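Listed below are the residues making up each chain.
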Amino acid sequence: VQLVESGGGLVQPGGSLRLSCAASGFTFSSYKMSWYRQAPGKERELVAAITSFGGSTNYADSVKGRFTISRDNAKNTVYLQMNSLKPEDTAVYLCNARLINNYWGQGTQVTVSS
């Protein structure tokens, strides 16, 4: 089982990034997929989640209207489009797959700074 995140980096406030998480080794389309983030000294928090066939999504209040989660089951990939980024969005962003099992990626660093 692998979850490989990509797309992180350094961006100025107000900028955008698109994160990707490529999955392998399990039946991707059956799993609820989520993005979490963890900033230094803070607990891991749920950012956004999407059900197995994308029929339902939910977001943390802090990112509603700015972030969009989506998935492509044909490509076994989940995305997080992040717009209007703020310094407080700085964190390691982790991909999670959950059904009966619970899988995590290694994370990708997002830094929002001028």
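Before reading further, recall that the structure is shown in the block above.
Note that the structure is predicted; figures quoted are calculated from it, not measured.

### Examining the pairing of strand E9 (residues 91–98)
- E9 sits mainly inside the fold: six of its eight residues count as buried.
- Direction of pairing for strand E4 (residues 32–38) relative to E9: antiparallel, over a ladder of seven bridges. Paired with Lys 32 across the bridge in E9 is Arg 98.
- Sheet topology places E9 next to strand E11 (residues 108–112); three bridges connect them, and they run antiparallel. For Tyr 93, the partnering residue across the bridge sits in E11 and is Thr 108.
- By the bridge criterion, three bridges tie E9 to strand E10 (residues 102–104) in an arrangement that is antiparallel. The partner of Ala 97 across the bridge, within E10, is Tyr 103.

### Concerning the state of the cysteines
- Enumeration over the complete set of coordinates arrives at one disulfide.
- Here Cys 21 engages in a disulfide with Cys 95; their sulfurs sit 2.1 Å apart. Of note, the bridge from Cys 21 to Cys 95 carries an S-S torsion of about -85° and is left-handed in sense. Taken together, the residues Cys 21 in strand E3 (residues 17–24) and Cys 95 in strand E9 connect sequence positions 74 residues apart. As far as the burial class goes, Cys 21 and Cys 95 line up, both buried.

### Digging into the side chain of Thr 108
- Mapping Thr 108 onto the fold places it in strand E11.
- Residue class for Thr 108 comes out buried when judged on its relative accessible area of 10%.
- Only 3.2 Å separates the side chain of Thr 108 from the backbone nitrogen of Gly 8, close enough to count as a polar contact.
- Dropping the residues within four chain positions of it, Thr 108 is found in contact with Glu 5, Ser 6, Gly 7, Gly 8, Leu 19, Ala 91, Val 92 and Tyr 93.

### Structural notes on the packing of aromatic side chains
- In the structure shown here, the tally under the stated rule is five aromatic pairs.
- Centroid distance Phe 26 to Phe 28: 6.5 Å. Interplanar angle 50°. Geometry classified as tilted.
- Given the relative accessible area of 2%, Phe 28 is considered buried.
- If you follow Arg 44 out to its NZ or CZ, it ends over the ring of Trp 104, 4.5 Å from the centre.
- One residue, Arg 71, lies across the ring of Phe 28, its end atom 4.5 Å from the ring centre.

Quick notes on the rules
Each chain carries its own residue numbering, running from 1 in the written order of its sequence. Two thresholds apply to this predicted model, a pLDDT of at least 70 for residue-level local features and 80 or more for giving and counting side-chain atom pairs, whereas whole-chain, interface and lining totals are computed over all residues. Each side-chain value is derived from all of the structure's non-hydrogen atoms; neither hydrogens nor water enter the calculation. Throughout, exposure labels follow a simple rule: accessible area from a 1.4 Å probe, protein chains only, divided by the maximum for the residue type, with under 20% read as buried, over 50% as exposed, and the rest as partly exposed. The helix and strand labels rest on DSSP assignments: H or I over at least four residues marks a helix, E over at least two residues marks a strand, and numbering proceeds from the N terminus. A pair of strands is treated as paired once DSSP finds two or more bridges between them. Criterion for a disulfide: a pair of cysteine sulfur atoms within 2.5 Å. We call two N or O atoms a polar contact when they sit within 3.5 Å, provided that within protein one can donate a hydrogen and the other can accept it, with sequence-adjacent residues counted only if both atoms are side-chain atoms. Contact criterion: two residues are considered in contact whenever any of their non-hydrogen atoms come within 4.5 Å of each other. Any pair of Phe, Tyr and Trp rings, taking the six-membered ring for Trp, is counted once the centres come within 6.5 Å. Such a pair is stacked with planes under 30 degrees apart, edge-to-face with planes over 60 apart, and tilted for the rest. Geometrically, a charge over a ring is one whose NZ (Lys) or CZ (Arg) sits within 6 Å of the ring centre while staying within 35 degrees of the ring normal.

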